[in-house]
Amino acid sequence: MSQLIHYNNCPACDAEGLKPILTAKDYTVSNELFAIVECTACTLRFTQDVPNIDSIGPYYKSENYISHTNTSKGFINSLYQSVRKRTLKQKRKLIEKTTGLKTGNLLDVGSGTGAFANEMKQSGWQVTALEPDEDARKVGHDLYSIDLTDIS
C-alpha cells in the first residue's frame, strides 16, 4: 500500500489556507484520481496526497510515462511531443516576463528527461537540473547532453 504525503500547509509559503480546485485522473499510468488544491495566500496549485518517495517509483517507471521515456511512438505521444515543444517556449517566456530577465540562474527540480532545462540552457540560462530517476537522467544526457543531478 502506498504511503501518501498530505499537506496541511502550503509547501511554498507555509500558509494554512488550502482549498480544493479539481480532481485530476491519471489516465496514462494508474487510472487513480488525485486532488489538486490551491493555496489561498500565494495561489500555488499542487497535487494533494501524493505517493511518498518510497512508493512513487512505479508511477515514473511505467512505459506510458512520457516525461521519463520521451517516446513519440503512437498518436498520443506524437501529439504530446508537439504540444510540449510549444509549452516549453511558453514557460521560458513566462519566466522571462515574470522575472524581467532574459538570462540568469535557474533551478529545475524534477527535471524528467531535461526538456525544460534544455530550453532554458539554449536560451542562455545557467541551469541546475535535479532528477531522482536514473533512467530519466540518462535519457536527458543522451538527448540534450545535459547532466541531471540525482536528488534522491
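Nothing here was measured: the structure is a model prediction, and the numbers come from that model.

What counts, and at which threshold
Residues numbered from 1 in each chain as written. Predicted model: local features only at pLDDT ≥ 70, side-chain atom pairs only at ≥ 80, totals over all residues. Heavy atoms only, no water. Core = buried A, V, L, I, M, F, W, Y, C linked by side-chain atoms within 4.5 Å. Buried < 20%, exposed > 50% of the residue type's maximum accessible area, 1.4 Å probe, protein only. Helix = DSSP H or I, 4+ residues; strand = E, 2+ residues; numbered from the N terminus. Contact = heavy atoms within 4.5 Å. 1 Å grid on protein atoms, 1.4 Å probe; cavity = no way out; pocket = protein on both sides within 12 Å on 5 of 7 lines; lining within 4 Å. Points joined across faces, edges and corners; volume = space filled by probe spheres on them. Salt bridge = Lys/Arg side-chain N within 4 Å of Asp/Glu carboxyl O. Pairing = 2+ DSSP bridges. Right-handed = clockwise from strand over helix to strand, strands pointing away.

Chemist: Could you give an account of the nonpolar core, naming the residues involved and the relevant values?
Modeler: Judged by nonpolar contacts, Leu88, Leu106, Ala115, Phe116, Met120 and Trp125 together constitute the single largest core of six residues. Considering each element in turn, this core owes the most residues, three residues, to helix α4 (residues 115-122). Setting aside anything within four residues of it in sequence, one finds phenylalanine 116 in contact with Leu88, Lys91, Arg92, Ile95, Leu106 and Asp108.

Chemist: Describe the layout of surface pockets, listing the residues and the values that go with them.
Modeler: Its volume calculated, the second largest pocket comes out at about 150 Å³. Around the second largest pocket, the lining residues are Gln81, Arg84, Lys85, Leu88, Lys89, Ala115, Asn118, Glu119, Gln122 and Tyr144. Of all the elements, helix α3 (residues 75-99) adds the most residues to the lining of the second largest pocket, at five residues.

Chemist: Tell me about the pattern of salt bridges, residues and numbers included.
Modeler: Scanning the model with the defined rule gives seven salt bridges in all. Of the charged contacts, one joins glutamate 96 and arginine 92 as a salt bridge, the two residues approaching to 3.4 Å between their closest N and O atoms. With a gap of four residues between them, glutamate 96 and arginine 92 both fall in helix α3, about one helical turn apart. Of the residues examined, arginine 92 reaches a relative accessible area of 14% and is grouped as buried. Between aspartate 142 and lysine 138 there is a salt bridge; the shortest N-O distance is 2.7 Å. Here lysine 138 and aspartate 142 lie together in helix α5 (residues 134-144), a separation of four residues that amounts to about one turn. Accessibility expressed as a relative area gives 52% for aspartate 142, which makes it exposed. Each of Arg92, Glu96, Lys102 and Glu119 takes part in one network of salt bridges that share partners.

Chemist: Explain the pairing of strand β7 (residues 126-130) to me, using residue names and the numbers behind them.
Modeler: Pairing of strand β6 (residues 105-109) with β7 involves five bridges; the strand directions are parallel. Opposite valine 109, over in β7, you have leucine 130 as the bridge partner. Considered for its hand, the β-α-β crossover made up of β6, α4 and β7 is right-handed.

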